[in-house]
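Okay, here's what each chain looks like letter by letter:
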Amino acid sequence: MKRYTRKIIGRRELVNFPDLNLTNVEAKIDTGAYTSSIHCKEVKRFQKEGMDYVSFVLLDPGHPLYENKPVEWPLHKIRDVKNSFGAVEKRCTIKTRLSFFEETSVIEISLADRSLMDYPLLLGRKAISKKFVVDVSKIHFAPKQKICVFE
C-alpha cells in the first residue's frame, strides 16, 4: 500500500493570499477544475510602464474582506477557460502567492465574476496537485490564520 506524504485537505478550506492582503478566504477545492479562480468585478486591462496590467475589485460588498478598492496587478495571461456552465470564455489571469497549511506557493488564478457561486474562490487541481490529498468528507482542515497585515 502506497503511503502519502501529502497533507490532507477538505473540500472547503480557508486560504490566504498574502500579496493581495486577503486572509481566511473560503475556497471550494475542485479537483475537476484545472485552474483556480477568484471572484472580482470591474476587470480592466491596461498598460503601465510598457507592461500589461489588469485592475479589478475583489469580492462583493457583503464579504467581510471587501474594500471597494481597485487592485492593479501584472497580467500573466489571457486564457480560454470553461466556466461552470460549460461555456468557454476569455479570462485575465494573474500570478500570486497562495498560503495555507504552512505551505506557500505561487499560483495562477483567473479573475471571474463568481457572484452566482457559493464560494468566492475555487482552487483547481493545478494549485493543489503534488502537495495535497482531498478528503471530500471533511472541511477546514487547515488552521485558521490570525488576521494580520502582510508585508
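Residues numbered from 1 in each chain as written. Predicted model: local features only at pLDDT ≥ 70, side-chain atom pairs only at ≥ 80, totals over all residues. Heavy atoms only, no water.

Peer 1: Run through the layout of surface pockets, naming residues and quoting values.
Peer 2: By volume, the largest pocket is sized at about 550 Å³. Taken together, 26 residues line the largest pocket, and the ones lying closest to its centre are Lys82, Asn83, Ser84, Arg91 and Arg114. Where the lining of the largest pocket is concerned, the elements lending two or more residues are β3 (22-30), β4 (36-48), β7 (77-82), β8 (88-100) and β9 (103-112). Top contributing element to the lining of the largest pocket by residue count: β7, with three residues. Of the residues in the lining of the largest pocket, the class split is nine nonpolar, eight polar and nine charged. (1 Å grid on protein atoms, 1.4 Å probe; cavity = no way out; pocket = protein on both sides within 12 Å on 5 of 7 lines; lining within 4 Å. Points joined across faces, edges and corners; volume = space filled by probe spheres on them. Helix = DSSP H or I, 4+ residues; strand = E, 2+ residues; numbered from the N terminus. Nonpolar A, V, L, I, M, F, W, Y, C, P; charged D, E, K, R; others polar.)

Peer 1: Any details on the pairing of β3? Residues and values, ideally.
Peer 2: The side chains of a regular strand alternate between the sheet's two faces. Pairing of strand β2 (residues 12-17) with β3 involves five bridges; the strand directions are antiparallel. Each residue of the ladder has a partner; that of Arg12, found in β3, is Lys28. Counted along the chain from β2 to the antiparallel partner β3, the turn is four residues long, and its residue Asn21 has a positive phi close to 55°. Sheet topology note: the β3/strand β10 (residues 121-124) ladder contains four bridges and is parallel. Bridge pairing in β10 places Ile29 opposite Leu123. (Pairing = 2+ DSSP bridges.)

Peer 1: So what's going on with empty space enclosed by the protein? Residues and values would help.
Peer 2: In this structure the tally under the stated criterion is one cavity of 30 Å³ or more. Roughly 30 Å³ of internal volume is contained in the largest cavity. Forming the walls of the largest cavity are Leu98, Phe100, Glu103, Thr104, Ser105, Ala127, Lys131 and Phe132. Contributions of two or more residues to the lining of the largest cavity are made by β8 and β9. Element by element, the count of residues in the lining of the largest cavity is highest for β9, at three residues. Residue classes in the lining of the largest cavity are distributed as four nonpolar, two polar and two charged.

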